Structure formats: structure tokens, C-alpha cells
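# Examining the three-dimensional arrangement
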Amino acid sequence: MDLQRIGVFTSGGDSPGMNACIRAAVRRALAEGLEVVGIKRGYAGMIDGDFVEMDRQSVSNILQQGGTILKSARSDRFRTPEGRAEAAVQLREAGVDALVAIGGDGTLQGATHLAAEHQIAVVGCPGTIDNDLFGTDETIGFDTALNTALDSIDKIRDTADAHDRLFLVEVMGRDTGFIALACGIGGGAELVLIPEMMTDVVAIKDRILSLMVSQSRSSIVVVAEGDELGGAHIIRQALAQDPAFDRIDTRVSVLGHIQRGGSPTARDRVLASRLGAAAVEALVEGHDGVMVGIVNNDLRLTPMRNVWSRKKDVDYDLLQLTELLS
């Protein structure tokens, strides 16, 4: 492949560290003598031809910023073959030979289809706070989101203890419980409810009552938003049906999108920088249709189709550890 000009874009949900990944990809490409085009607003911008030339200066002083300087968006048009064909035309008119795609499973699934249908070389970087992508131990943004959520849980613990309250704290995790599980251990939660495990309301009631009534103490329950019962508010309604909970002051705190924002941690900055640079190196070496990940601290390439079609399991030993430590 005669590689002269690459495109870089972010798509789907933003995650802290995306800017560090953009910076590394751009500067690694420039070091290889390549031209770089930034594609704004993800696949939506790709279809609209919303491109900007990038140089070293364009990625200066962004390492510490959350969000993404290239913006992000979701595109229903790109989900169709016609939309992807429009995107391919725009890329060819701009002289883009290959792409670095930064995002989650939806981003990499779209990139897989684009590459297959229009023979455009793509290498992906795992950018999502959910940490749910197969082929990497950790995704860009997970560590920052985890620490943001954990800081909030620590503060909630103080007020819960002051009033002997039960707090149901909902964290992000639509399909997976990686954030909830790590927050549960790091925040000393009494219970962690995640999509990967069926929620036994009776067992939850018994556990909470044994802690709060017999031991007269506060409790924190961390709930992943994707819990099959429907999240923290639904759990609270289920608990309230038991008259025993009339004696327990129960509150819900939904942390929401604060977990997406903020300056990335050092861990995320280093991870994102390694992955962004490695994605360009993979393209230069002729790789295509793969995602760059970190496995046992080594850079690994995984076919993108495997990344979004295979499920990444949580560490169930950590779930047992949560129960033991609580």
C-alpha cells in the first residue's frame, strides 16, 4: 500500500485520553513523513467531508484535555451501505489512503464495514470508558472514569455514614460491569450489581438488612446502569416494597456523564499515547482491519471483527473478592 495521507477521527461516546491518542497518532504520522487529515464529528463528518489539515502545532497542549478536539457524533446515515459509500467518496476526494479510528465497539464495527466494502485500510484504537472491548486489557478512558466515580463514592460514603443511610450509587456500564466492579472494590461497597450477574432482590434485601439493622451502619451499593432490573431507581423501588425498609433511609445517586469528562489520568495519557503511535506504525507496516490493544503490557493487534463480535468478560474473581471484603 502506497501510504501518503492518513485520516484520524473519534466516534461514539467520548472518553478521557482521546486527545492524547489523536496527538500521538498525528505526531507519529508526521515523523513518518505522512500527511494527516483530522475528520471532525466522526462518521457524520466523514460523510459531510468535514476535514481539517493537521500538523504538530494543531495537537499542541491537548494532552491534558478531556473530550476530543475532533468532536464526536453518532451517524444513522453511516449505518447504511449508502452512507458508507458517501463517506468513501469523500475520503478518496481528500486523498486519504488509510484511517486511524478511535472509539468503542460501534466505531470499530463501522470501520470494519467501511474497510470491507470500500477497501480503505483502517486500524482502530480502543476509546471507551466501559473497558468492554475484546483484545485489550484496558481501554482509553476507563482509568479516568473509574477514578472520577470513585472520588464521588468516597464523598457519598461520608454523608451516608453521617446519617446511617443506604445509598444506591449508579455508575456507567450499559452492557458491562467493569466500572461498577472496580468501584465496588476501590470504594468498599457492600454490594455490587452488574449486568453479567443476575440480580437476586431477596438476597440483596437480606444482605442490606443484616448490615444496616443488626449492625446499625450505613451501606453503599454500586449499581451498573445496565443491571437487568433497570438501574438504581428500579432497585430502590423493589426494596421499598418490603416493609422492613421503612426503617432505612434510602437514597439514589446517579453519577452519569461526569464519568466521561475531566482531565485524563497519567495512566490513560500513557495508554492513549502508546496506542495512537502504534496504530500509525501498524498502518506503515501494512496492517489493516485490526485494533491495537495492550495485553499483559504488550502491544497486540486483534482483527477488528473479533473486537466487536466477541464478548470481553469481567473478572469474576473480583466479584467474589467484593463479597469477601465487604
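Residues numbered from 1 in each chain as written. Predicted model: local features only at pLDDT ≥ 70, side-chain atom pairs only at ≥ 80, totals over all residues. Heavy atoms only, no water.

## Considering the layout of surface pockets
- Quantified by volume, the largest pocket comes out at close to 640 Å³.
- Lining the largest pocket are 30 residues, with Gly-12, Arg-74, Asp-105, Gly-106 and Thr-107 sitting closest to its centre.
- When residues of the lining of the largest pocket are assigned to their parent elements, the largest contribution, six residues, is made by helix 4 (residues 105-118).
- One number sums up the size of the second largest pocket: a volume of about 260 Å³.
- Together, 16 residues line the second largest pocket, and Leu-191, Val-192, Leu-193, Met-198 and Glu-323 are the ones closest to its centre.
- Looking at the lining of the second largest pocket, the elements that each hand over two or more residues are strand 7 (191-193), helix 7 (201-212) and helix 11 (316-325).
- Among the residues forming the lining of the second largest pocket, the class breakdown is nine nonpolar, two polar and five charged. (1 Å grid on protein atoms, 1.4 Å probe; cavity = no way out; pocket = protein on both sides within 12 Å on 5 of 7 lines; lining within 4 Å. Points joined across faces, edges and corners; volume = space filled by probe spheres on them. Helix = DSSP H or I, 4+ residues; strand = E, 2+ residues; numbered from the N terminus. Nonpolar A, V, L, I, M, F, W, Y, C, P; charged D, E, K, R; others polar.)

## Observations concerning the packing of aromatic side chains
- One pass over the structure, following the stated rule, counts two aromatic pairs.
- With centroids separated by 3.8 Å and ring planes inclined at 10°, the aromatic side chains of Tyr-43 and Phe-78 adopt a geometry described as stacked. One end of the pair, Tyr-43, is in helix 2 (residues 42-48); the other, Phe-78, is in the loop between strand 3 (51-54) and helix 3 (81-93), with 35 residues separating them in the sequence.
- On the accessibility criterion, Phe-78 (4% relative accessible area) is buried.
- An aromatic cluster is built from Phe-9, Tyr-43 and Phe-78, whose rings are joined through pairwise contacts.
- Against the face of Phe-178 rests Lys-312, its NZ or CZ located 5.2 Å from the ring centre. (Phe/Tyr/Trp six-rings, centres within 6.5 Å; stacked < 30°, edge-to-face > 60°. Buried < 20%, exposed > 50% of the residue type's maximum accessible area, 1.4 Å probe, protein only. Lys NZ or Arg CZ within 6 Å of the ring centre and 35° of its normal.)

## With respect to a negative patch on the surface
- Residues Asp-154, Asp-158, Asp-161 and Asp-164 make up a contiguous surface patch of negative charge.
- Mapping Asp-164 onto the fold places it in the loop between helix 5 (142-163) and strand 6 (166-171). (Patch = residues over 30% accessible without salt bridge, like charges linked within 9 Å, V, L, I, M, F, W, Y side chains within 5 Å. Areas by Shrake-Rupley, 256 points an atom, 1.4 Å probe, with all protein chains shown as cover. Salt bridge = Lys/Arg side-chain N within 4 Å of Asp/Glu carboxyl O. Lys, Arg positive; Asp, Glu negative; His and termini not counted. Charge placed at Lys NZ, Arg CZ, Asp CG, Glu CD.)

## Structural notes on the pattern of salt bridges
- Considering all chains together, one arrives at 15 salt bridges under this definition.
- Where Arg-41 meets Asp-50, a salt bridge forms, and the shortest distance between an N and an O atom there is 3.2 Å.
- Where salt bridges share partners, they join Arg-41, Asp-48, Asp-50 and Arg-77 into one cluster.

## Focus: the pairing of strand 8 (residues 219-224)
- Judged by how many residues are buried, strand 8 sits mostly within the fold: six of six residues are covered.
- Going residue by residue along strand 8, you find Ser-219, Val-221 and Val-223 tucked away on one face and Ile-220, Val-222 and Ala-224 tucked away on the opposite face as well.
- As defined by bridge partners, strand 6 adjoins strand 8 across six bridges and the pair is classed as parallel. Across the sheet, Leu-166 pairs through a bridge with Ser-219, a residue of strand 8.
- Two elements, strand 7 and strand 8, share three bridges in a ladder whose sense is parallel. From the neighbouring strand, Val-192 faces strand 8, where its bridge partner is Val-222. (Pairing = 2+ DSSP bridges.)

## Remarks on the nonpolar core
- If you look at the biggest cluster of nonpolar residues, it comprises 34 residues, and the most contacted ones within it are Ile-6, Val-8, Ile-22, Val-100, Ile-102 and Leu-283.
- Where this core is concerned, the elements lending two or more residues are strand 1 (5-10), helix 1 (18-31), strand 4 (98-103), strand 5 (121-126), helix 9 (266-284) and strand 10 (290-295).
- No other element matches the eight residues that helix 9 contributes to this core.
- Leave out the neighbours within four places in its chain, and Val-100 touches Ile-6, Gly-7, Val-8, Phe-9, Ala-25, Val-123, Cys-125, Ala-279, Val-280 and Leu-283. (Core = buried A, V, L, I, M, F, W, Y, C linked by side-chain atoms within 4.5 Å. Contact = heavy atoms within 4.5 Å.)

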